[in-house]
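Below, each chain spelled out in residue letters.
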Amino acid sequence: MKPIFEYHLSIDGMMCGMCEAHVNNIILKNFPQVKKVKSSARKNLTKVISIVPLDLNELKKKVDETGYILKKIETIK
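A quick note: this is a predicted structure, and the numbers were derived from the prediction, not measured. Residue positions are given per chain, counting from 1 as you read along its sequence in written order. Where local features are concerned, this predicted model is filtered to residues with pLDDT of at least 70; where side-chain atom pairs are given and counted, the filter is 80 or more; whole-chain, interface and lining totals use all residues. The basis for the side-chain values is all heavy atoms of the structure; hydrogens and waters are excluded.

**Structural notes on the environment of His22**
What counts as a helix is a DSSP run of H or I of at least four residues, what counts as a strand is a run of E of at least two, and both are numbered from the N terminus. Note on placement: His22 falls in helix H1 (residues 17-30). Separated by 44 residues in sequence, His22 and Thr66 place their C-alpha atoms 8.4 Å apart. Contacts are assigned to residue pairs that have any heavy atoms within 4.5 Å of one another. Setting aside residues up to four positions removed in sequence, His22 forms contacts with Thr66 and Tyr68.

**Some points on the sheet that holds strand E3 (residues 45-50)**
Paired strands are those between which DSSP finds at least two bridges. Across the sheet, 4 strands lie side by side as E2-E3-E1-E4; this open sheet has antiparallel pairing. The sheet is open, and its two edges are formed by strand E2 (34-40) and strand E4 (69-75), each paired on a single side. On average, each strand axis in the sheet is inclined to that of its neighbour by 20 degrees, with strand direction left out of account. All axes are obtained by fitting lines to C-alpha atoms, using only the stretch in contact for helices, and the reported angles, taken between N-to-C directions, cover 0 to 180 degrees. Against the sheet, H1 contacts strand E1 (5-12), E2 and E3, and its axis sits at roughly 160 degrees relative to E2. Sitting on the sheet, helix H2 (residues 56-65) touches E1 and E4, and the angle it makes with E4 is about 150 degrees.

**Some thoughts on the pattern of salt bridges**
The salt bridge definition used is simple: a Lys or Arg side-chain nitrogen within 4 Å of an Asp or Glu carboxyl oxygen. Under the definition given, this model contains 4 salt bridges. Note that Asp12 is salt-bridged to Lys71, the shortest N-O span being 3.5 Å. Pair noted here: Asp12 is in strand E1 and Lys71 is in strand E4, with a separation of 59 residues, a long-range link. Working definition: with a 1.4 Å probe on protein chains only, accessible area under 20% of the residue-type maximum means buried, over 50% means exposed, and in between means partly exposed. A relative accessible area of 56% means that Lys71 is categorised as exposed. Notably, a salt bridge pairs Lys62 with Glu65, separated by 3.8 Å at the nearest N-O pair.

**Description of H1**
Expected span of a helix, by definition, is 1.5 Å for each gap between consecutive residues, and there is one gap fewer than residues. When the terminal C-alpha atoms of H1 are compared, their 20 Å separation across 14 residues agrees well with the 20 Å that a helix rising 1.5 Å per residue should span. Of all the residues in H1, the buried ones are Cys19, Val23, Asn24, Ile26 and Ile27. Down the axis of H1, the buried side of the element spans an arc of 160 degrees, and every buried residue falls inside it. Opposite its buried face, H1 presents the exposed residues Met18 and Lys29, each directed more than 90 degrees away. Against the buried residues of H1 lie E1, E2, E3 and H2. Here the arc refers to the directions that run from the helix axis out to each C-beta atom.

**Points about H2**
Because an α-helix completes one turn every 3.6 residues, residues spaced three or four positions apart along the sequence face the same direction. Looking at H2, one finds that the buried residues are Leu59, Lys62 and Val63. One side of H2 carries all its buried residues, which in axial view fall inside an arc of 95 degrees. Away from its buried face, by an angle of more than 90 degrees, H2 presents the exposed residues Asn57 and Glu65. Contact partners of the buried residues in H2: E1, H1 and E4. Gly67 sits one or two residues past H2 and shows a positive phi near 105 degrees.

Now the structure itself:
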């Protein structure tokens, strides 16, 4: 079984379902090792599951480039 890495991202600026989809798409496009992304504008939270550890600096850079603000990254596993 492959290892799983889970991250919870606290993201400011998501207001609706389209914002959630935009964040999800940016992460999936730039990090092909990510297997699942789910965002909640109401909670300002994005959950990311990857099969390899992510470059957290690059992740912040890519999210911030979209106009949303990645405030905190919590590594779950």
